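# Structural characterization, general
Single-letter residue listing:
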Amino acid sequence: GLPATFPTMPLELTVLYNSLLFTMRTSDSAIEGEAEEIHQSLLRVLEACGACGQDLSTEELWQKVLQVVTAEELQAPLHRLGALQAACWLADSRLESTAGLFHLLNNAENLRRAHCSEGQNELLSLLKAWRVPAEEASLHLVQSVEDLKEILCTTAAFLQGLQELKAGNFPTALSFFHEAAGGFCSKRVLAQIYTCLGCCTQRMGKPQMALQHLKRALQLDFQCLPALSHVAAVYRELGETDAELQALALLYEALEKNPPAAASSSPYLLIRTDLLVHTPILASLFRHRHPSEVKYLLAQRCLQDGRVADAVKHYLDFLSLLQEGLQQQVPLDSDSALPRIPEVFLEAASALEEAGRHQDAITVCEEVISRTTDLIPRVLQVEERLEQPECLLPGAELKGGLLSQKESLCCLAWRAAGYLHQGWAWATLGKSKEAVTQQRLCLSDLLRVQLYGSGVELTDNLLLEVKVLQKIRLLSLIGRGTQFLELGKHKEALLDFQYGLQISPGDPAAASYLVQALWKLDRKQEAAARWQQLSQSPAGEDGQEEGEGRPFPLYLVSCLKQATFPHSESLAKNIQDYLSA
């Protein structure tokens, strides 16, 4: 409340500088409160000089203060305060405001030096050209302005690198990251910079160079676990599955032993680069995964690569984590590697089937069926032009006790897939009647869906769900048809295969089984004509969504394999012999 006086202003600004350093340190970020204190101090400087600036913005206030104040004894305190203002603005990613401030802080000679540095970034040139006026020996500072200047340079380069990375300007981003890596920062921040270099070079199509940068990050800070996650992603891109799985296993082990710790702090620096750089893209690149996410990735990648025994082990480990209340521990946000929980159960069932553990697969599917039964309406009407927000969390999709239509479609797909898996599992166990029963339940479920309108105008999400349901229906018809063949019910089998081809014209499995059914019904001429037509058609989908290149859910892959026609050579020979005769 004391009036501002010119003689005490250097001391007042120095005390403010020291106190703001401590405030910023304890708040772990440069927040609006510190910027407001700087604004008020600038008003007091003008008051001490007999001027006014109440209606000015902070940028305009700095310009007026530096024009009005010419006294030598205030130059160093104002420059120190300017460095803190720059820290606040950089923390808010206000790079242009920061550059404008250093245009004002630099004298004519410094500006000439900055402009002579051709090819350099303007902000970095201004920061490097800035010369801090000599300090008064009697005023003690808790952090030197020279150190703060170096931190500002590193921060400016790092922030601009992240901006260019987000914009997709990878060569420019790479240049900024290299500049930041040569700056003044802790090993922890340097590891982050090298991780960003790795991500940048990976997106530039240079995976080997990306691996070098990421390994350097881990050498600098073995706690930089996001770097290990990116290493796994690069190995996946390279197709080196062994190395990818090894990286994921190391990541899981590290997360289990040492959960992500809080940022370590330097004992002598109050303002650090990591306090000023906290942009959304950095948070995305350095998102710490929960151990369960990594466990799921291990299971998923093993199943995709055909490592069935390992996949089963990891899926069962993951399901045991669910028993421990995993859903309350892991936020299922958009960046999470975890799919919806019923899909994980179905993937586990798929892995168990491929491992020959069919009874266990049936049990796992029963869990999905029992949990989704009460969530599916008797009739599900899907209308065109329907706009429904996608819900990610169980329970979040409930509105007045009813599920959204997308959620209902998902639940229906999961339960139908459960019946589908059970049907194929019973078939493999030689229980044809049980297999037919489960496939009938699957098909009955799918009859609940009624499409209104042309279907062309369905939103993308709903259209994808409908396509998955159609694929499940096709696989169920093939599964039931094959069991009808086993039971000698060739006419019923023929009908199922014909319905399958109506759903997916030209499907190679359905078409091949149709030929076999015709052959068994002694309709050999028709079977031969169909076989010749099939032989001239292109290869099938192989698990891809025709026209869009979108793979079907992983939990359907084992059923797609089981639906493949196994008697192509023998049937082809019989037909060739028939045609020759």
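Residues numbered from 1 in each chain as written. Predicted model: local features only at pLDDT ≥ 70, side-chain atom pairs only at ≥ 80, totals over all residues. Heavy atoms only, no water.

Looking at an unreviewed UniProt entry, the protein chain carries the name Fanconi anemia group G protein, with the source organism given as Mesitornis unicolor.

## Considerations on the overall build of the protein chain
The number of helices and strands found in the protein chain is 28 helices and six strands. A fraction of 68% describes how many contacts in the protein chain between residues 6 or more apart in sequence connect residues 24 or more apart. A total accessible area of about 27600 Å² is found for the protein chain, and carbon and sulfur atoms account for 50% of it. (Helix = DSSP H or I, 4+ residues; strand = E, 2+ residues; numbered from the N terminus. Contact = heavy atoms within 4.5 Å. Areas by Shrake-Rupley, 256 points an atom, 1.4 Å probe, with all protein chains shown as cover.)

## Points about empty space enclosed by the protein
In the structure shown here, the tally under the stated rule is one cavity of 30 Å³ or more. Of the pockets and cavities examined, the largest cavity occupies roughly 40 Å³. Forming the boundary of the largest cavity are L225, P226, S229, L251, L255, R287, H288 and R289. Elements with a minimum of two residues in the lining of the largest cavity: α12 (225-238) and α13 (241-257). Ranked by residues supplied to the lining of the largest cavity, first place goes to α12 with three residues. (1 Å grid on protein atoms, 1.4 Å probe; cavity = no way out; pocket = protein on both sides within 12 Å on 5 of 7 lines; lining within 4 Å. Points joined across faces, edges and corners; volume = space filled by probe spheres on them.)

## Considering the environment of A156
Tracing the backbone shows A156 in helix α8 (residues 145-167). Classification of A156 by relative accessible area gives buried; the value is 0%. In sequence terms A156 and L95 are 61 residues apart; their C-alpha atoms lie 7.6 Å from each other. The contacts of A156, once residues within four sequence positions are left out, are L90, L123, L124 and L127. (Buried < 20%, exposed > 50% of the residue type's maximum accessible area, 1.4 Å probe, protein only.)

## Some points on the UniProt feature "repeat: TPR" (unreviewed entry) in the protein chain
In this structure's numbering, the residues bearing the UniProt feature "repeat: TPR" (unreviewed entry) are residues 474-507. The span residues 474-507 is 79% helix and 0% strand, and its two end C-alpha atoms sit 9 Å from each other. (UniProt positions renumbered as here; feature names shortened; annotations may be inferred.)

## Notes on the side chain of K295
Note on placement: K295 falls in helix α16 (residues 291-304). With a relative accessible area of 5%, K295 lands in the buried category. Among the polar contacts listed, one links the side chain of K295 to the side chain of D317, at a separation of 3.3 Å. (Polar contact = N/O pair within 3.5 Å; in protein donor to acceptor, adjacent residues only side chain to side chain.)

## Topic: the pattern of salt bridges
Enumeration over the complete set of coordinates arrives at 24 salt bridges. Across the pair E253 and K257 runs a salt bridge whose closest N-O atoms are separated by 3.0 Å. Here K257 and E253 lie together in helix α13, a separation of four residues that amounts to about one turn. Judged by relative accessible area, E253 falls into the partly exposed class, the value being 39%. The salt bridge involving E526 is made with R523; its shortest N-O contact spans 2.9 Å. Judged by relative accessible area, E526 falls into the partly exposed class, the value being 34%. Taking the relative accessible area as the measure of exposure, R523 reaches 34% and is therefore partly exposed. Look at the salt bridges and you will find they share partners, linking R188, R272 and D274 into a network. (Salt bridge = Lys/Arg side-chain N within 4 Å of Asp/Glu carboxyl O.)

## Brief notes about the confidence of the model for the protein chain
In the predicted model, the protein chain carries a mean pLDDT of 85, and the fraction of residues at 70 or more is 84%. With pLDDT under 50 throughout, residues 385-402 is counted as low confidence; its partners more than four residues away or in other chains account for 28 contacts. Segment residues 540-549 is flagged for pLDDT under 50; beyond a separation of four residues in sequence, or across chains, it makes 18 contacts in the model. (pLDDT = per-residue confidence, 0-100.)

## Brief notes about α16
Between its first and last C-alpha, α16 extends 20 Å over 14 residues, near the 20 Å set by a 1.5 Å rise per residue. The element α16 is largely enclosed, with a buried count of 13 among its 14 residues. (Expected span 1.5 Å × (residues − 1).)

## Some thoughts on helix α4 (residues 75-91)
The end-to-end C-alpha distance of α4 is 24 Å, a good match for the 24 Å that 17 residues give at a rise of 1.5 Å each. With 17 of 17 residues buried, α4 lies mostly within the body of the structure. Of the residues trailing α4, S93 is marked for its positive phi of about 60°.

## Comments concerning the environment of Q54
Among the secondary structure elements, Q54 is positioned in the loop between α2 (32-48) and α3 (58-68). Taking C-alpha positions, Q54 is 9.9 Å from H39, a pair spaced 15 residues apart along the chain.

## Considerations on the packing of aromatic side chains
Taken as a whole, this structure holds seven aromatic pairs when the rule is applied. Ring centres 6.1 Å apart and planes at 70° place the aromatic pair F158 and F177 in the edge-to-face group. With F158 in helix α8 and F177 in helix α9 (residues 170-181), this pair connects stretches of sequence that are 19 residues apart. Under the relative-accessibility criterion, F158 is labelled buried at 1%. The exposure class assigned to F177 is buried, which follows from its relative accessible area of 0%. Taken together, the ring pairs connect Y296, Y315 and F318 into an aromatic cluster. (Phe/Tyr/Trp six-rings, centres within 6.5 Å; stacked < 30°, edge-to-face > 60°.)

## Considering the nonpolar core
Counting 179 residues, the largest nonpolar core has L152, F158, L162, F177, Y315 and I472 as its most contacted members. Counting the residues that make up this core, at least three belong to each of domain 1 (1-134) and domain 2 (378-383 + 401-538 + 552-580). With near-sequence residues (within four places) excluded, I472 lies in contact with A413, A416, A417, L420, C442, L446 and L556. Within the second largest apolar cluster, five residues are counted, among which are I362, A425, W426 and A427. (Core = buried A, V, L, I, M, F, W, Y, C linked by side-chain atoms within 4.5 Å. Domains from an automatic or database assignment.)

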